[in-house]
Amino acid sequence: MSTIEIEQEQEITPMNIIRIGTGFWSAKPLLTAIRLGLFTELAAGPLFVSEIRQKLGLQSHSSLDFLDALVNWGLIERHGKGFTAIYHNSPEANTFLNRRKPDYLGNLLEMVNDEKSPLANNLKEVVIESGARNSWDLNRLFTMVA
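Residues numbered from 1 in each chain as written. Predicted model: local features only at pLDDT ≥ 70, side-chain atom pairs only at ≥ 80, totals over all residues. Heavy atoms only, no water.

## Structural notes on the sheet that holds strand β3 (residues 86-89)
Then, number 1: Strand order across the open sheet formed by three strands is β1-β3-β2, with antiparallel pairing between neighbours. Here the strands that pair on one side only, and so sit at the sheet edges, are β1 (47-48) and β2 (76-79).
Then, number 2: The sheet contact formed by β2 and β3 spans four bridges and is antiparallel. Its bridge partner being in β3, His79 is matched across the sheet by Ile86. (Pairing = 2+ DSSP bridges. Helix = DSSP H or I, 4+ residues; strand = E, 2+ residues; numbered from the N terminus.)

As structure tokens, then:
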């Protein structure tokens, strides 16, 4: 008896394109937290929202939304709710986003986000330019983020 394979039509959707094209929106809270030093502060121990706001100089009540976005992505953990909640690093953030750890990746992420970096705003020009250095840098970057 032979087996007949039937190809099923897969629905084509724009979701992957939208996810990639809007990825910078989800990256901004992470990059902001790195720049502010949130993960390094939380590495010393859990903090209340009021303590985080004081240590990082946050004035806005949107700090809860900011922190909860990081909770949703599993970068920090929260116990409690609202302004009485206590936040601390996830194991992943504690290892890779704490400036005092040898495996800190924040410098790489800040470099990609740096407005002065050719990769941040001038990727078209970097891609068009010739040269082994640009090719190697882009290959290394794209491999890391893929």
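## Concerning the pattern of salt bridges
Then, number 1: Enumeration according to the criterion identifies three salt bridges in this entry.
Then, number 2: Its salt-bridge partner being Arg35, residue Glu110 comes within 3.7 Å of it at the nearest N-O pair. Of this pair, Glu110 sits in helix α7 (residues 106-113) while Arg35 is found in helix α2 (residues 23-36), placing the two residues 75 residues apart along the sequence.
Then, number 3: The partly exposed category is assigned to Glu110, whose relative accessible area is 22%.
Then, number 4: The closest approach of N and O atoms between Glu41 and Lys55, which form a salt bridge, is 3.9 Å. Within this pair, whereas Glu41 is found in helix α3 (residues 38-43), its partner Lys55 is found in helix α4 (residues 49-56), the two being separated by 14 residues in sequence.
Then, number 5: By relative accessible area, Glu41 is classed as partly exposed at 30%. (Salt bridge = Lys/Arg side-chain N within 4 Å of Asp/Glu carboxyl O. Buried < 20%, exposed > 50% of the residue type's maximum accessible area, 1.4 Å probe, protein only.)

## What about α2?
Then, number 1: Here α2 spans 20 Å end to end across 14 residues, near enough to the 20 Å set by a 1.5 Å rise per residue.
Then, number 2: Where α2 bends most, the angle comes to about 25°, and this point is Pro29.
Then, number 3: Buried within α2 are the following residues: Pro29, Leu30, Leu31, Ala33 and Ile34.
Then, number 4: The elements touched by buried residues of α2 are α3, α5 (63-72) and α7.
Then, number 5: Positive backbone phi, at 85°, marks Gly37, one or two positions downstream of α2. (Expected span 1.5 Å × (residues − 1). Bend = angle between axes of the 7 residues up to and from the residue. Contact = heavy atoms within 4.5 Å.)

## Topic: the side chain of Asn89
Then, number 1: Residue position: Asn89 is located in strand β3.
Then, number 2: In this structure the side chain of Asn89 is engaged in a polar contact, spanning 2.8 Å, whose partner is the backbone oxygen of Phe39.
Then, number 3: Beyond its immediate sequence surroundings of up to four residues, Asn89 is in contact with Phe39, Leu42, Ala43, Leu75, Ile76, Glu77 and Asn94. (Polar contact = N/O pair within 3.5 Å; in protein donor to acceptor, adjacent residues only side chain to side chain.)

## With respect to the environment of Asn94
Then, number 1: Here Asn94 lies in helix α6 (residues 91-96).
Then, number 2: A sequence separation of 52 residues divides Asn94 from Leu42, and the C-alpha atoms of the two residues are 8.2 Å apart.
Then, number 3: Ignoring anything within four residues of it in the chain, the contact list for Asn94 reads Ala43, Asn89 and Lys101.

## Regarding the side chain of Ser90
Then, number 1: Among the structural elements, Ser90 can be located in the loop between β3 and α6.
Then, number 2: Residue class for Ser90 comes out buried when judged on its relative accessible area of 3%.
Then, number 3: For Ser90, the side chain forms a polar contact with the main-chain oxygen of Leu75, separated by 3.0 Å.
Then, number 4: Among the polar contacts made by the side chain of Ser90, one reaches the main-chain amide nitrogen of Ala93 at a distance of 3.1 Å.
Then, number 5: What Ser90 contacts, discounting residues up to four positions off in sequence, is Gly74, Leu75, Ile76 and Glu77.

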